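The lines below spell out each chain.
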Amino acid sequence: MKKVYANATEALDGLLKDGMLIAAGGFGLSGIPELLIAAIRDSGVKDLTVASNNAGVDDFGLGLLLQTRQVKKMISSYVGENAEFMRQYLSGELELEFNPQGTLAERMRAGGAGIPGFYTKTGVGTVIAEGKPVMEFDGQEYILERGIVADLSIVKAWKADDTGNLIFRKTARNFNPPAAMCGKVCVAEVEEIVPRGSIDPDHIHLPGIYVHRIIQGPHEKRIEQRTTRKREEA
Amino acid sequence: MKKVYANATEALDGLLKDGMLIAAGGFGLSGIPELLIAAIRDSGVKDLTVASNNAGVDDFGLGLLLQTRQVKKMISSYVGENAEFMRQYLSGELELEFNPQGTLAERMRAGGAGIPGFYTKTGVGTVIAEGKPVMEFDGQEYILERGIVADLSIVKAWKADDTGNLIFRKTARNFNPPAAMCGKVCVAEVEEIVPRGSIDPDHIHLPGIYVHRIIQGPHEKRIEQRTTRKREEA
Amino acid sequence: MAVEQKGWDRNQMAARAAEELEDGMYVNLGIGIPTLVANYVGDKDITLQSENGMLGMGPFPYEGEEDADLINAGKQTITELNRTSYFDSATSFAMIRGGKIAAAILGAMEVAENGDLANWMIPKKLVKGMGGAMDLVAGVGRVVVVMDHTNKAGESKVLKACTLPLTGKGVVDRIITNLGVLDVVPGGLKIVQLADGISEDELRASTEATIVN
Amino acid sequence: MAVEQKGWDRNQMAARAAEELEDGMYVNLGIGIPTLVANYVGDKDITLQSENGMLGMGPFPYEGEEDADLINAGKQTITELNRTSYFDSATSFAMIRGGKIAAAILGAMEVAENGDLANWMIPKKLVKGMGGAMDLVAGVGRVVVVMDHTNKAGESKVLKACTLPLTGKGVVDRIITNLGVLDVVPGGLKIVQLADGISEDELRASTEATIVN
């Protein structure tokens, strides 16, 4: 069962369809599947719903799909870094469903874990609770949130073996594992494909069962806010 | 904030109370907190409810607490390895709540994750569903299962640093992370306490936030079923 | 001595069950005959899950190389492969419940024509627990049962309705017995294949369930 | 030029907020003044969570050592410590929602006497999203708000009831402003401390919320 593909376009072959739901990993511009996003843009697929914590910036990450108007709806927790997003949203061209960040992450994990709904305190008494079933547990109110099952997941990892076992690096892990879990099909892009057995089985962050196709490629890995301290402060 | 204690008795000091709910890691006899179980036996605490996938064997693991009649109720998925358990259960001395294995694991994770209830297909149409609220999602029936929050979690890991970051080894990981997550207090026993920074932060399986007290000690690590093949078969 | 079983023996049943598996599948094998299926996958690229927290289960270790930290769901010592990954029980059943495991091959006490499965308890006998069986049958993509067609008294275990407490309701896709292969379809069971030396009449005579073809 | 603020300045507010933290605590600090709290924890053993998947957040990197794979929830480049662990977003919010984070110190637009908090949106203005704020206030053990007592127009931000859409209902435990420290208690707010040079009358005059002491 060959999972390794030559490039992002080949890895997405046959998987894209207008109107589909895509779950994407990444936080800000860190750990985003930049090669797959570019290939989705080039494919011309449209009317997408994208579940992703953020929406990239104007000219990088998911912002690329907003420029081309391929996205119909975003499911996100924070979209403040994207002026084009705001323009489309305020003009009514783009739908937006805000989810609290932890609710979004848990909805993805739940969808992947066969859990169609779970109760959470997050958002009780706020606009987030509107229209959602409420249940009381031990005297406290909770709202029902739904699991997300995506038609396609796109994620970025640090390394993979050819069976799809993935490891991530530092905070670039973020939404990638839950996004991968919730996809009916998951395509992963990595910085390096390593031989089987070269990753300690106890170090694998996401087992290959969740990953159907893999590509290796060069990543820009853009930094959104370069904050530093001076050496003399040390 | 000192988390490292000299031994199991000191690590449990002040944490034990008659009638409490304890969540224990381990699968069969693999990855069980054997030192903490022995110390709980020696403490004489009684009327315990123990959430653990299995109940040990007659003379090892949680079986020790059954011998001494310190357990009032078990929440488990499989208890077939323990004759004393069966005797007490059939004579009505011991309560038993069977949970499907995945439901038990998820109940522990949910309890630790602030999720008081979640829906699952597991057990629909079986005795497990009796008395549980049902909800339909996308035309399919699911039952509501509750998160478990334990008064105390006892787990076994391979290594810890002194801030409580844990790593496990092979299939001895099993129920230990979810059990640790669901405890109001969690005590971990490990084979080795290593210096801070000697575990790659990307390799940590359970962050120290879940672990309040740690002991290091010698482990018997008994094998329940020693199955082998002969070298000439290779 | 056990009575000579008609049709396929344990290994033939396992070999037939192995034909259910396709290249690239992640599979969970139950205890008993299902465990033998691993011997018959040939060069198909199959990854075995052990629900206590492992994908890529290897064979038993060589004598002296047993590891208390490396066991399967039957608590037997095993080994790892170069594709192996380990994870905790919540993650393990997340992938089972979430339908990521393509197939489970399991034993059974009873199967009914509506796909009901009973394989975890006999009332008033010792009750050991369902372990992961209820999660598996509820969650995996395809449930294949491998079992003897009849019990020791010669009574059918392939029934109109289960008499024992259920492990899952309407969960079985295919039944492989010593007498042949049957699929759960609307209205009852459909004979897919007869075991070597078994006539269709023999199979029908040993089956209480409705056969639709 | 900004108008000279009465009472504590930003750093003094951060220093006061740092007094809320006890040895051994795991803490989440919001953007703005709360970020400054890290400068005032002294030798207390505090572990900072960054909700994008990290415990044990270190300071900004030295110039030239920025790592695109190592950022905080404000998307700033940071560093790791020898206690650091990384995890995914579902695990991160599992610990937040599960009450494992002892305290969150957050900014606010408005706080009400019943503990309601508004800090994520102003209707008809740009809406950027709540990020992790709703999860934090619903889940952590103790919510401490650090903010200016009044807005630029001199109007109280410590209200009888919030006018903006809520981030959380009845979630705030303590309010630290440039004028002092107030606790949310049954019936309203209780003055715990006055900022340097601030009289109780000044604090009361700038507070719309009911003060119970």
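You'll find chain A entered in an unreviewed UniProt entry as Succinyl-CoA--3-ketoacid-CoA transferase, with Paracoccus zhejiangensis given as the organism. UniProt annotates chain A under Sequence similarities (unreviewed entry) with the comment "Belongs to the 3-oxoacid CoA-transferase subunit A family."

A. Structural view of the overall build of chain C. When helices and strands are tallied, chain C shows five helices and twelve strands. Taken over the C-alpha trace, chain C has a radius of gyration of 17 Å; the compact-globule value for 213 residues is 17 Å, and the two agree within 12%. By principal-axis analysis of the C-alpha atoms, chain C measures approximately 50 × 35 × 30 Å. Buried residues in chain C amount to 62% of all 213 residues. Sequence separation of 24 or more characterises 60% of the internal contacts of chain C that already satisfy a separation of 6 or more. Each charge class in chain C can be summarised by its mean position, and for the 19 positive and 29 negative side chains these summaries are 7 Å apart.

B. Region of interest: the pairing of strand 7 (residues 140-146) of chain B. Residues and elements named next belong to chain B. Two strands pair when backbone bridges link them, and strand 5 (residues 117-120) and strand 7 are joined in this way by four bridges, in the antiparallel orientation. Looking across to strand 7, one finds that glycine 117 is bridged to arginine 146. Sheet analysis places strand 6 (residues 134-137) next to strand 7, joined by four bridges and oriented antiparallel. Bridge pairing in strand 7 links methionine 135 to tyrosine 142. Two successive antiparallel strands, strand 6 and strand 7, enclose a turn made up of two residues, where aspartate 138 displays a positive phi of approximately 50°.

C. Structural detail: the sheet that holds strand 8 (residues 142-146) of chain C. Residue and element names in this part refer to chain C. The mixed open sheet is built from nine strands, whose spatial order is 4-3-2-1-5-8-10-11-12. In this open sheet, the two edge strands, each paired with only one partner strand, are strand 4 (80-86) and strand 12 (188-194). With strand direction ignored, the average angle separating the axes of adjacent strands in the sheet is 25°. When strand 5 (residues 103-106) meets strand 8, the two strands line up parallel, connected through four bridges.

D. Highlighting the sheet that holds strand 5 (residues 103-106) of chain D. Residue and element names in this part refer to chain D. With mixed pairing, nine strands are arranged side by side in an open sheet as 4-3-2-1-5-8-10-11-12. The outermost strands of the open sheet, each flanked by one partner alone, are strand 4 (80-86) and strand 12 (188-194). If you compare each strand with its neighbour and ignore which way they point, the axes differ by 25° on average. In this sheet, strand 4 lies alongside strand 3 (residues 54-57) in antiparallel orientation, the contact comprising three bridges.

What counts, and at which threshold
Residues numbered from 1 in each chain as written. Chains lettered and ligands numbered in written order. Predicted model: local features only at pLDDT ≥ 70, side-chain atom pairs only at ≥ 80, totals over all residues. Heavy atoms only, no water. UniProt positions renumbered as here; feature names shortened; annotations may be inferred. Helix = DSSP H or I, 4+ residues; strand = E, 2+ residues; numbered from the N terminus. Rg over C-alpha atoms; globule rule 2.2 N^0.38 Å. Buried < 20%, exposed > 50% of the residue type's maximum accessible area, 1.4 Å probe, protein only. Contact = heavy atoms within 4.5 Å. Lys, Arg positive; Asp, Glu negative; His and termini not counted. Charge placed at Lys NZ, Arg CZ, Asp CG, Glu CD. Pairing = 2+ DSSP bridges. Axes fitted to C-alpha atoms, helices over the stretch in contact; angles between N-to-C directions.

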